[in-house]
Amino acid sequence: MSAYKSDFLRVLAERGFIHQVSDAEGLDAKAAAGPLTAYVGFDATAPSLHIGNLLTIMMLRWLQKSGHRPIALMGGGTSKIGDPSGKDASRALLTGAQIEANIASIRTVFSRFLDFDAGAIMADNAEWLDRLHYIPFLRDVGRHFTINKMLTFDSVKLRLEREQPLTFLEFNYMILQAYDFVELYKRHGCILQMGGSDQWGNIVNGIDLGRRLLNVQLFALTTPLLTTSSGSKMGKTETGAVWLNADAMSPYEYWQFWRNCEDGDVGRLLKLFTELPLDEIGRLARLKGQELNEAKKVLATEATALLHGRAAAEQAAETARRTFEEGALAETLPTVEIPHATLAAGCRRKETHADRSRAAVSGSTTSRSPTRRWCSRRATSRLKASSSSRSAGSGTSC
C-alpha cells in the first residue's frame, strides 16, 4: 500500500518495519478510526530475549506511542512445547519452574519500552492453555485445521524435507498459537497479531480460526528478516546472541554491538532501533568516511539508552572513547576473572567470555567446558579487556 492514513502504519512503513500485512487497507482504516489492540507473543525459552525480539518490541512501542494498546504475551503455555519455526531439531523441553523463572527474568525488559500504567498489557497464555481439556479442544478447535494445510507451512515442510523428525507435540504448536489470537480477541478485543516473517503462517491460522469460531476479522503484520547489508543474519557476535538482559550482555557490550555495525546498515538500524526523527537519520546516513563513525556512535548510544537507560548508554560511550581514542584503560570496562594457570595454559579471552555469556543466559552454574571449570575456581588474576577488539577509533568500519 503506497500511503497509509493511520499514524501507526505510516510510522512503521517509513521506518521499514513492514514485510507483510494481511489486509493493509482494512487494518489502516481500523487504526485511523480509533485505538486498536495488538499483540506479539514471546516464548520464554531462555532467561533473556535477544535482538531479534527487539524488532517486534519496537513495533509494540510505536503502537502505544500512536495511541493504541499493546499486549506483550508471555508464552508460559507454548514454551512447554517450543515453536518449531526455523528449527532443524526439537527444542529441549523446559520444566514449569524453568519457564516461570525465564518469564520473571524477561519481564523487566518490557518496562523500558512499554508504559503499563498507560494501558499496555502483559499476559501469559498459560492462563488459558493450561486449563484446556483435550477432547473438547480437539472437537471445538482442532476440527478447523486440516493436515493437508498444516503440511504446507514452512515450520513443518522444511523439517520434513530435511528428513528431521517433527514431534506430534511440535505439530500442535501452530494450533495453540492460533487459539491465543482468538482468546486475546475475546478477552481484550485484540484484532492484530504482529511478529517476524517466519510467523506469517501461524498468524494467518489465527485469523482463519477467528473467522470460523467467532465470525470476526483479525489482522496480521510481520517484519522483515533482520539481516546485514552483506546478507548475513543479524544478531550474532563472536560470543553468541545479542541478549537484552544486562546480566547476559552488559550495556557496554551492547553499545559495542551497535558501534560495530556495517557501514551500509547505519541508516536502516537508526530507523528501526532508535526514535530519532527521520530527517536527522537521513543526515547521519549520508555521512561518509571517518564521519560515519560518529553516526555509528549515535546509533549505539540511542539504542542502548532505550534498553538500559540514558546514563548507562553515556557511560558506555565514554568508556569506549577513553579506551579507543585516548588509549586509557577505563575502570568501567567489563572484567573477566581468569586464574594464572588458565592464562599459562593458553586460554583465549573470547572463549572465557563466551562461556560467561552462555552461563548467564542458561542460568547454569556448572559446565563441562574446561574454560568454565577453570574460571569457577578462585581467581588469582583479573584480566581487563575490551569485549570487542575490532572497535578501533578510526576507520569507517569497526
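Residues numbered from 1 in each chain as written. Predicted model: local features only at pLDDT ≥ 70, side-chain atom pairs only at ≥ 80, totals over all residues. Heavy atoms only, no water.

**Points about helix α13 (residues 266-273)**
Line of reasoning, step 1. Within α13, 6 of the 8 residues are buried, leaving the element largely enclosed by the surrounding structure.
Line of reasoning, step 2. Within α13 the residues assigned to the buried category are V266, G267, L269, L270, L272 and F273.
Line of reasoning, step 3. Packing partners of the buried residues in α13 comprise α1 (7-15), α3 (51-65), α12 (251-259), α14 (278-285) and α15 (292-308). (Buried < 20%, exposed > 50% of the residue type's maximum accessible area, 1.4 Å probe, protein only. Helix = DSSP H or I, 4+ residues; strand = E, 2+ residues; numbered from the N terminus. Contact = heavy atoms within 4.5 Å.)

**Some thoughts on the sheet that holds strand β3 (residues 69-74)**
Line of reasoning, step 1. The strand order across the open sheet formed by 6 strands is β1-β6-β5-β2-β3-β4, and the pairing between neighbours is mixed. The strands lining the two open edges of the sheet, one partner per strand, are β1 (20-21) and β4 (121-124).
Line of reasoning, step 2. Inspection of the sheet shows strand β2 (residues 37-42) paired to strand β5 (residues 190-196) by 3 bridges, in the parallel sense. Bridged to A38 within β5 is L192.
Line of reasoning, step 3. Of the strands in this sheet, β1, β5 and β6 (219-223) touch helix α2 (residues 24-33), which is tilted by about 100° from β6. (Pairing = 2+ DSSP bridges. Axes fitted to C-alpha atoms, helices over the stretch in contact; angles between N-to-C directions.)

**Quick word on the pattern of salt bridges**
Line of reasoning, step 1. The final tally for this structure, using the stated rule, is 15 salt bridges.
Line of reasoning, step 2. As a salt-bridge pair, E318 and R321 come within 2.6 Å of each other at their nearest N and O atoms. Placement of both E318 and R321 in helix α16 (residues 310-324) is noted, with a separation of 3 residues, approximately one turn of the helix.
Line of reasoning, step 3. With relative accessibility at 34%, the residue E318 sits in the partly exposed group. (Salt bridge = Lys/Arg side-chain N within 4 Å of Asp/Glu carboxyl O.)

**Here we look at the packing of helix α4 (residues 96-113) against α15**
Line of reasoning, step 1. Following both chains from N to C, one finds α4 and α15 inclined at 120°, their axes separated by 7 Å at the closest point. Contacts between α4 and α15 involve V109, R112 and F113 from the former and L306, L307 and H308 from the latter.
Line of reasoning, step 2. Counted by class, the contact of α4 with α15 contains 4 nonpolar, 1 polar and 1 charged residues. (Nonpolar A, V, L, I, M, F, W, Y, C, P; charged D, E, K, R; others polar.)

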